[in-house]
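This is what each chain is made of:
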Amino acid sequence: MDLVKQKRLAVLCAMTSALVWGLMWFPFRHMAEAGVSTATTSLMVYLVSIALGGVVFFDTYRRQLRFERVLVPLTLLYGWCNFSYTWAVSEGQVMRVLLLFYLSPLWTVFFSSLLLHERLTRRGWQVVAMSLTGCAVILYRPGLFDGALPLSTRAEWLALSGGVAFALGNVISRQAQGLPVPVKSASVWLGVAGFGLGALLVRGDLAEIGAVTGWQWLVLLALGATLLATSVISMHGLTILPATQVMTLMLMELVFAALSAYFLAGERMSLSEWAGGALIGGASLLSGGMTEKRRPTVPAPAPPAA
């Protein structure tokens, strides 16, 4: 396959990933409304992904699977990122959840500075300013300065924490660049399933799994296969396209989510949410090249001996 066709296929892969994640809220919310909690759905869906991934990537796991300490925080962070996101979209306003989650470039700045000793470039400061302004525009409500919390629902807190976890996971994952992508993907699936199981254990609702009906099992199997396929095709796009182009294409997730939320759930965004969303989306487009390594301080030359 020539390079042009490869790039076209990679673009199609990135757009498909954006479409899947832009629509993912619907089956999770549908299952929740049918009486299957997000914890149960997440647990079963990602167990399906783990099982299918073990078959698809068997040779990769057999040759390259190894434990490294960095996998522990990655499993926890990416696991919470995906679990909190699906939990948030299953009960909150879809676009409000997504926009709060897309504040992740803002958190990346702080974690990169703290852990990787990077400093903001001029573009980085622009990203911070646009993200903070967009966040303020979206979250502002009358009475905010009288003690009202800017985040008023559990879904909003989940979305915000998921974006923070995603940003920290991305920074830490730079220390695990030698690990195969399927191994990292497996840690994500394991993390989400773990949080789903943990939530069921805390609530004492393990019996809920046995109440899943036949058609619901089909939905869970389809979701697990879809998430596995999305992981595979997104890998293809990331290996061929520049990171900035991938980010641009993945922002289509916001478009797909807005359209689907409007037509499938009747959700409408306010003018302030559109304005804040435009600022956050613009910040994400500029998020490449936000930081640079701090230059080591060169000591002054010693004075010549007398």
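Shown above is the structure to which this text applies.
Residues numbered from 1 in each chain as written. Predicted model: local features only at pLDDT ≥ 70, side-chain atom pairs only at ≥ 80, totals over all residues. Heavy atoms only, no water.

Student: Just checking my understanding: could you explain the environment of M95 for this structure?
Tutor: Mapping M95 onto the fold places it in helix α6 (residues 94-101). For the pair M95 and A261, spaced 166 residues apart in sequence, the C-alpha to C-alpha distance is 7.7 Å. Apart from the residues within four sequence positions on either side, M95 is in contact with L254, A257, A258, E267 and M269. (Helix = DSSP H or I, 4+ residues; strand = E, 2+ residues; numbered from the N terminus. Contact = heavy atoms within 4.5 Å.)

Student: When you look at the packing of helix α1 (residues 3-23) against helix α13 (residues 252-265) in this model, what are you seeing that I'm missing?
Tutor: Between two packed helices, what matters for the description is the angle formed by their axes and the separation of those axes. In the contact formed by α1 and α13, the axes pass within 8 Å of each other and the chain directions differ by 40°. Between α1 and α13, the crossing angle belongs to the class labelled oblique. In this structure, the crossing between α1 and α13 has a hand that is right-handed. Contacts between α1 and α13 involve M15, A18, L19, W21, G22 and L23 on the former and, on the latter, M252, E253, F256, A257 and S260. (Axes fitted to C-alpha atoms, helices over the stretch in contact; angles between N-to-C directions. Parallel < 35°, antiparallel > 145°, perpendicular 65-115°, else oblique. Left-handed = near helix turned anticlockwise from the far one by under 90°.)

Student: Can you walk me through the nonpolar core in this structure?
Tutor: A general feature of soluble globular proteins is that nonpolar side chains tend to end up buried together. The biggest cluster of nonpolar side chains holds 67 residues, and the ones touching the most others in it are M24, Y46, M95, L98, L99 and L254. The residues contacting M24, other than those within four sequence positions of it, are L223 and L227. (Core = buried A, V, L, I, M, F, W, Y, C linked by side-chain atoms within 4.5 Å. Buried < 20%, exposed > 50% of the residue type's maximum accessible area, 1.4 Å probe, protein only.)

Student: For this particular structure, what's the right way to read the pattern of salt bridges?
Tutor: Side chains that carry opposite charge are capable of pairing whenever their charged atoms lie near each other. The final tally for this structure, using the stated rule, is 8 salt bridges. Across the pair D59 and R62 runs a salt bridge, and its minimum N-O distance is 2.5 Å. You can see D59 and its partner R62 sitting in helix α4 (residues 58-64), 3 residues apart, about one turn around the helix. Classification of R62 by relative accessible area gives exposed; the value is 55%. For R154, the salt bridge goes to E91, with nearest N and O atoms at 3.0 Å. Of the two residues, R154 is situated in helix α9 (residues 154-173) and E91 in helix α5 (residues 71-91); the sequence distance between them amounts to 63 residues. The exposure class of E91 is partly exposed, given its relative accessible area of 38%. Among the ionic contacts, a cluster of salt bridges with common partners joins D59, R62 and R63. (Salt bridge = Lys/Arg side-chain N within 4 Å of Asp/Glu carboxyl O.)

Student: Honestly, the environment of L168 in this entry has me stumped. Any pointers?
Tutor: Its place among the elements puts L168 in helix α9. When sequence neighbours within four positions are dropped, the list of residues in contact with L168 reads L77, F111 and L115.

Student: Which parts of the structure should I look at to understand α6?
Tutor: Helical periodicity: at 3.6 residues per turn, an α-helix aligns residues three or four positions apart in one direction. Across the 8 residues that make up α6, a large majority, 8, are buried. Of all the residues in α6, the buried ones are V94, M95, R96, V97, L98, L99, L100 and F101.

Student: Where do I start with the packing of aromatic side chains in this structure?
Tutor: Aromatic ring pairs are defined here through the distance separating the ring centres and the angle between the ring planes. All told, the structure shown has 11 aromatic pairs when counted by the stated rule. Measuring from ring centre to ring centre gives 6.0 Å for W80 and F83, while their planes differ by 55°; the resulting arrangement is tilted. Taken together, the residues span about one helical turn, with W80 and F83 both in helix α5 at a distance of 3 residues. Residue classification places W80 among the partly exposed residues on the basis of a relative accessible area of 23%. The interplanar angle of 15° and the centroid separation of 6.3 Å between the aromatic rings of F83 and F195 together place this pair among those described as stacked. Residue F83 is found in helix α5, and its partner F195 is found in helix α10 (residues 181-203); the two are separated by 112 residues along the sequence. For F83, a relative accessible area of 3% translates into the label buried. Residue F195 is classed as partly exposed on the basis of its relative accessible area of 26%. Members of the aromatic cluster, connected to one another through ring pairs, are W21, Y78, Y85, F101 and F166. (Phe/Tyr/Trp six-rings, centres within 6.5 Å; stacked < 30°, edge-to-face > 60°.)

As far as function goes, none of this settles anything; it's purely spatial.
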